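# A closer look at the structure
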Protein chains: 2
Amino acid sequence: MTSSDKPGNAAEAPADTTGTAGATGVAAQDWTTAAADPQYRAAVVDLLGALAYGELAAFERLAEDAKLAPTLADKAELAKMASAEFHHFERLRDRLAEIGEEPTAAMEPFVSAYDGFHKQTAPSDWLEGLVKAYVGDSIASDFYREVAARLDSDTRELVLAVLDDTGHAGFAVEKVRAAIDADPRVGGRLALWARRLMGEALSQSQRVVADRDALSTMLVGGVADGFDLAEVGRMFSRITEAHTKRMAALGLAA
Amino acid sequence: MTSSDKPGNAAEAPADTTGTAGATGVAAQDWTTAAADPQYRAAVVDLLGALAYGELAAFERLAEDAKLAPTLADKAELAKMASAEFHHFERLRDRLAEIGEEPTAAMEPFVSAYDGFHKQTAPSDWLEGLVKAYVGDSIASDFYREVAARLDSDTRELVLAVLDDTGHAGFAVEKVRAAIDADPRVGGRLALWARRLMGEALSQSQRVVADRDALSTMLVGGVADGFDLAEVGRMFSRITEAHTKRMAALGLAA
């Protein structure tokens, strides 16, 4: 997470740390205590299901993009990231099973949103694939880190662990910068592409939020420590700002 | 390896064990001793390069086939196999680097044969993909195990480790059998498919053997403990027989 912005609610732990010092409500509880509330439990199952399918879809996307790689070394690098995403998927799936949920059932509600996103944003070349991996990962990571601060300690630890950098960012930034240096016109094309990715990601997220009651209720404050609606708005602003800064750092006007 | 046939040369270690008891020549030596012969060294670099690219190509193929999976659980199973192939690739690539070879350079000569094979045999549905994974893996595994018995102890150990079953076989057999039980006509179509796979695999292997001097020389006896030409013929017979038996066990006439 490159944004230095923090959630405005000072009573909460900062969004980018696992520390529970000063945490209140759910954030100060472990899973067993927090899950006694059926609505909280349902929200976490949704969250883990969404993350799990996201990792599986990311695995497929990266494996597919590996085919566009210009060299064997680049291909191996993307395959490595894909494999890392798969191991994240395994942890989330195992956690769902551990808390007595059927992983497939938990993932199903999110399949069409992720598949829709990937279908609408199939990269046409290697650089578009890299920008997509970078943008998609960064946005997802920002979002889940914001949510993580509102979770019980056990779930928070898992969510932060699977968001651990798989090396995408550094690799993508280096390759994209080099391509823009070599041919500045590439920058214009990729900037348009990044804008399209952000638009599509927002539109799919809105669909998910509209469809999933428990998850949305947690986000808009129906559960202890949830955001209120204004806070959700601020969260989206922070994520968009962080995206803009990342694109500028990459040499792309967002 | 389901074949119970063993290489005819009784002085050699059986093809499917790591034991060096009774091994002679190169098979009784470690890498440092054996690699003093530049021709042997070149043959092993070829072999590791071919295996490494084969694993990377298998990763891509399985990730691609995961998209054809009828259920999320099937998709996850294929993604798991793909990830296992990737880790095998990593071990082979690291070994090439360890012995001072550039992994990419070692793999390059084999790219067109593997890519050609996969291009000629793109599965048109989930079952064809499963049969391909099973047949391709089994043939490759049989071949490398035959070769492994002729290798120095360090290289042999690595080759046998990366041939370790990644769970393909059991999974594919179970799914294909169930599909044939449900609709026996499926068996006829898949039997034709398996025959085409075997034909294409043989034709690509022949191209590789014709192109790569060091590797072929090791196979046909130019290096201590290599096969002689008649032995190569017997090896191909054993591999074809094992294939035929596997297809019969699967309910497919080969």
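Relevant structure appears above.
All of these numbers come straight from a predicted model, not from anything done at the bench.

### Re the overall build of chain A
Along the backbone of chain A there are ten helices and zero strands. Looking at the 254 residues of chain A, the share that counts as buried comes to 54%. Considering only contacts in chain A between residues 6 or more positions apart, those separated by 24 or more positions represent 78%. With an accessible surface of roughly 10400 Å², chain A has 54% of that area assigned to carbon and sulfur atoms.

### Concerning the interface of chain A and chain B
Contacts between the two partners involve 24 residues from chain A and, on the opposite side, 24 residues from chain B. Buried area between chain A and chain B, both sides added, is near 1900 Å², and the carbon and sulfur share of it is 69%. On the surface where chain A and chain B come into contact, there are four salt bridges. Measuring nitrogen to oxygen at the nearest pair gives 2.2 Å for the salt bridge that ties Glu64(B) to Lys67(A). Across the contact surface, chain A and chain B share ten residue pairs in polar contact (both at pLDDT 80 or more). Sort the elements by how many residues they give to the side of chain A that touches chain B and helix H3 (residues 72-98) of chain A lands first, with twelve residues. For the side of chain A that touches chain B, a count of residues per class yields 14 nonpolar, three polar and seven charged.

### Some details on helix H7 (residues 168-182) of chain B
Residues and elements named next belong to chain B. For H7, which comprises 15 residues, the first-to-last C-alpha distance of 21 Å matches the rise-based estimate of 21 Å (1.5 Å per residue) to within 8%. Those residues of H7 not exposed but buried are His 168, Phe 171, Ala 172, Val 173, Val 176, Ala 179 and Ile 180. Lining the buried residues of H7 we find helix H2 (38-66), helix H3 (72-98), helix H5 (126-148) and helix H8 (185-211).

### What about the packing of aromatic side chains?
In this structure the tally under the stated criterion is 13 aromatic pairs over all chains. Taking the centre distance of 6.4 Å and the plane angle of 45° together, the rings of Trp31(B) and Tyr40(B) count as tilted. In this structure, Trp31(B) and Tyr40(B) share a single accessibility class: buried. Ring geometry for Phe86(B) versus Phe89(B): centroids 5.7 Å apart, planes at 40°, classification tilted. Here the residue Phe86(B) and the residue Phe89(B) both occupy positions in helix H3, the gap between them amounting to three residues, near one helical turn. On the basis of relative accessible area, Phe86(B) is assigned to the buried category, the value being 0%. Site record: aromatic cluster; members linked through ring pairs are Phe59(A), Phe86(A), Phe89(A), Phe59(B), Phe86(B) and Phe89(B).

### With respect to the packing of H3(A) against helix H4 (residues 103-120) of chain A
Residue and element names in this part refer to chain A. Their axes nearest at 8 Å, the elements H3 and H4 cross at an angle of 120°. Taken together, the axis directions place H3 and H4 in an arrangement best described as oblique. On H4, the residues that touch Phe 89, Arg 93, Leu 96 and Ala 97 of H3 are Pro 103, Ala 106 and Met 107. Looking at the contact of H3 with H4 residue by residue, the classes come out as six nonpolar, no polar and one charged.

### Focus: the side chain of His243(A)
Here His243(A) shows up in helix H10 (residues 229-249). The contacts of His243(A), once residues within four sequence positions are left out, are Val135(A), Ile139(A), Ala194(A) and Met198(A).

### Brief notes about the packing of H3(B) against H7(B)
Helix-helix packing is described using two parameters, namely the angle between the two axes and the distance between the axes. Residue and element names in this part refer to chain B. Orientation of H3 relative to H7, taken along the N-to-C sense of each, is 150°, at an axis distance of 11 Å. Here H3 is positioned roughly antiparallel relative to H7, judged by the angle of their axes. In the packing of H3 onto H7, the handedness of the crossing is left-handed. Every residue of H7 that contacts H3 at Asp 74, Glu 77, Leu 78, Met 81 and Glu 85 is listed here: His 168, Phe 171 and Lys 175. Its residues assigned to classes, the contact of H3 with H7 comprises three nonpolar, one polar and four charged.

### Concerning the pattern of salt bridges
Residue and element names in this part refer to chain B. The full count for this structure, using the stated rule, is 26 salt bridges over all chains. Across the pair Asp 74 and Lys 175 runs a salt bridge whose closest N-O atoms are separated by 3.0 Å. One end of the pair, Asp 74, is in helix H3; the other, Lys 175, is in helix H7, and 101 residues separate them in sequence. Take Asp 74: its relative accessible area is 6%, and that puts it in the buried class. We classify Lys 175 as partly exposed; its relative accessible area is 26%.

### Brief notes about the relation of the copies chain A and chain B
Here the second copy of the chain follows from the first by a rotation about an axis and a shift along it. In the superposition of chain A on chain B (RMSD 0.0 Å, axial shift 0.0 Å), the rotation amounts to 180°. Overall, the copies show the geometry of a two-fold rotation axis. Looking at the rotation axis and the C-alpha trace of chain A, the residue lying nearest is Ser83(A), at 2.5 Å. Comparing interface residues between copies, 100% of those in chain A also lie at the interface in chain B; the contact surface is shared.

### Focus: the environment of Met81(A)
Residue and element names in this part refer to chain A. The residue Met 81 is located in helix H3 in this model. Using a relative accessible area of 2% as the deciding quantity, one classes Met 81 as buried. In this structure the C-alpha to C-alpha distance between Met 81 and Ala 66, which are 15 residues apart in sequence, comes to 9.8 Å.

### Points about the environment of Phe236(B)
Residue and element names in this part refer to chain B. Relative to the assigned elements, Phe 236 resides in helix H10 (residues 229-249). Residue classification places Phe 236 among the partly exposed residues on the basis of a relative accessible area of 27%. Residues Phe 236 and Leu 202 lie 34 residues apart in sequence; the distance between their C-alpha atoms is 9.1 Å.

### Quick word on helix H6 (residues 153-162) of chain B
All names here are of chain B. Residues Thr 155, Arg 156, Leu 158, Val 159, Leu 160 and Val 162 constitute the buried set of H6. The secondary structure elements touched by the buried residues of H6 are helix H1 (31-34), H2, H3 and H5. Measuring from the backbone nitrogen of Asp 154 back to the side-chain oxygen at the start of H6 gives 3.2 Å, which picks out Asp 152 as the cap.

Rules behind the numbers
Counting of residues starts from 1 at the beginning of each chain's written sequence and follows it residue by residue. Chain labels run from A onward and ligand labels from 1 onward, assigned in the order the entries are written. Totals for whole chains, interfaces and linings use every residue, but because this is a predicted model, local features are given only for residues with pLDDT of at least 70 and side-chain atom pairs only at 80 or more, for both listing and counting. Side-chain numbers come from the whole structure's heavy atoms, not from hydrogens or water. Labels follow the DSSP assignment, with helices taken as runs of H or I lasting at least four residues and strands as runs of E lasting at least two, numbered in each case from the N terminus. Exposure categories follow from relative accessible area, calculated using a 1.4 Å probe and restricted to protein chains: below 20% of the type maximum is buried, above 50% is exposed, and the middle band is partly exposed. In what follows, residue pairs with any heavy atoms lying within 4.5 Å of each other are defined as contacts. The method behind every accessible area is Shrake-Rupley, applied with a 1.4 Å probe, and residues are considered shielded solely by the protein chains displayed. Accessible-area loss on putting two parts together, using a 1.4 Å probe and summing over both, is the definition of buried area adopted here. One speaks of a salt bridge when a side-chain nitrogen belonging to Lys or Arg is within 4 Å of a carboxyl oxygen belonging to Asp or Glu. Here a polar contact is recorded for every N or O atom pair within 3.5 Å, except that within protein the pair must consist of a potential hydrogen donor and a potential acceptor, and residues adjacent in sequence are included only if both atoms are side-chain atoms. Under the convention adopted here, Pro, Cys and the residues Ala, Val, Leu, Ile, Met, Phe, Trp and Tyr are nonpolar, Asp, Glu, Lys and Arg are charged, and Gly plus all remaining residues are polar. An expected span of 1.5 Å times one less than the residue number is assigned to each helix. Aromatic pairs are defined between Phe, Tyr and Trp rings, using the six-membered ring for Trp, whenever the two ring centres lie within 6.5 Å; interplanar angles under 30 degrees are classed as stacked, those over 60 as edge-to-face, and all others as tilted. Where helices are involved, their axes are fitted lines through C-alpha atoms of the stretch in contact, as for all axes, and angles between N-to-C directions lie from 0 to 180°. Any angle between 65 and 115 degrees counts as roughly perpendicular, while under 35 counts as roughly parallel, over 145 as roughly antiparallel, and the rest as oblique. Crossing handedness follows the turn of the near helix against the far one: under a right angle anticlockwise gives a left-handed crossing, and clockwise gives a right-handed one. The atoms used to superpose the copies are C-alpha atoms, taken from residues with pLDDT of at least 70 in both, and the fit is least squares.

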